[in-house]
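# Residue-level structural notes
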Amino acid sequence: MARTELNLMDLMKRFPTEESARTYLEGLRWPTGPVCPHCGVHGNSAKLEGEAHRAGLYKCRDCRKQYTVTVGTIFERSHIGLDKWVIAVHLLAASKKGMSAHQLHRMMGITYKCAWHMGHRIRYMMQTGSMNKLDGIVEVDETYIGGKAKNAHKSKPIPKKTPVVALVSRNGKMKARVVTDVNAKTIKEVLKRHVKPSAEIFTDSSPVYPSATKDLAGHETVNHDAGEYVRGVVSTNTVESFNALVKRGIIGVYHHVSETHLDRYLDEFTFRWDNRNVKDGERTTRALLQCEGKRLTYKECKQEVRVD
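Residues numbered from 1 in each chain as written. Predicted model: local features only at pLDDT ≥ 70, side-chain atom pairs only at ≥ 80, totals over all residues. Heavy atoms only, no water.

### Points about the sheet that holds strand 3 (residues 66-67)
Condition: Think of it this way: DSSP has to see at least two bridges between two strands before they count as a pair. Here a helix means four or more residues in a row that DSSP labels H or I, a strand means two or more in a row labelled E, and each is numbered from the N terminus.
Ordered by their spatial adjacency, three strands build an open sheet running 1-2-3, and the pairing between neighbours is antiparallel. Pairing within the sheet leaves two strands with one partner each, and these edge strands are strand 1 (45-47) and strand 3. Judged from the three bridges that link them, strand 1 and strand 2 (residues 58-60) form a sheet pairing that is antiparallel. Bridge pairing in strand 2 places Ser-45 opposite Cys-60.

### Regarding the pairing of strand 5 (residues 162-169)
Note the following rule: To sort residues, take the accessible area from a 1.4 Å probe on protein chains only and compare it with the maximum for the residue type: under 20% means buried, over 50% means exposed, and anything in between is partly exposed.
Counting buried residues in strand 5 gives eight out of eight residues, a clear majority hidden from the surface. Where burial is concerned, the two faces of strand 5 agree: the one with Thr-162, Val-164, Ala-166 and Val-168 and the one with Pro-163, Val-165, Leu-167 and Ser-169 are both buried. Where strand 4 (residues 137-145) meets strand 5, eight bridges bridge the pair, whose relative direction is antiparallel. From the neighbouring strand, Val-140 faces strand 5, where its bridge partner is Leu-167. Of the strand pairs in this sheet, strand 5 and strand 6 (residues 174-178) are connected by five bridges, and their pairing is antiparallel. Opposite Leu-167, over in strand 6, you have Lys-175 as the bridge partner.

Structural data, given as structure tokens:
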């Protein structure tokens, strides 16, 4: 099936039933025919359309196992219809600052528990991994996510601040990860994991960066304390814009994000940032194309402690 531009109204008209959404997802995942997720054989499956079989069921002639388009994806074993799933993916992909579980719960007509799990599964789907390292000019900046001490209620503990390091390549891609603290050692580990040695790093004048960047091709700084924000091509304005967007989204939409799940929210903001130059429908399609191999059960989501 051809990939076409979609907006929210188009989605609601085009996918009035779960079967129509299933057909669309099959076209995205299997443009040249069904692929068995169990043995990987392409084009040797039969569709089971009898009354005793559930919708969208196929049987592989090679391994003799049955499957649907949702097997091995974030949609596997979900009791929520695929028509709602597609619309929910669009809502998170199109909302610049995100969408809370309460908002999804109200708009989709599902329980809050289902909406919370659905949101995290979509964020997990949006994760692009860390295999492709950033190169060229890379802006790096740290920020802290969490409440302010002055806003804490009387007799309540001061909110914990979680440090986050964001890296934005001038080539267009970026990474953002939670770190234990901001020092030369942790910054160096992040740079080693996500940046090629040939990259040139632009930062502010924080003392943690000179030591952390010594193994990279170059390091330039701007001195914000002296009122310097741009010097020729050297600046950190792009990465600071991303950090500001994350903070506005968390404060205005999510209100509070636990440290356990913060990396996944960063994956959501990173996905939208990396795909900011395409229309909402194409961004939705790109998210759906990343659904394979992304399973996240409710139990795993509740108990998860992220390690990158």
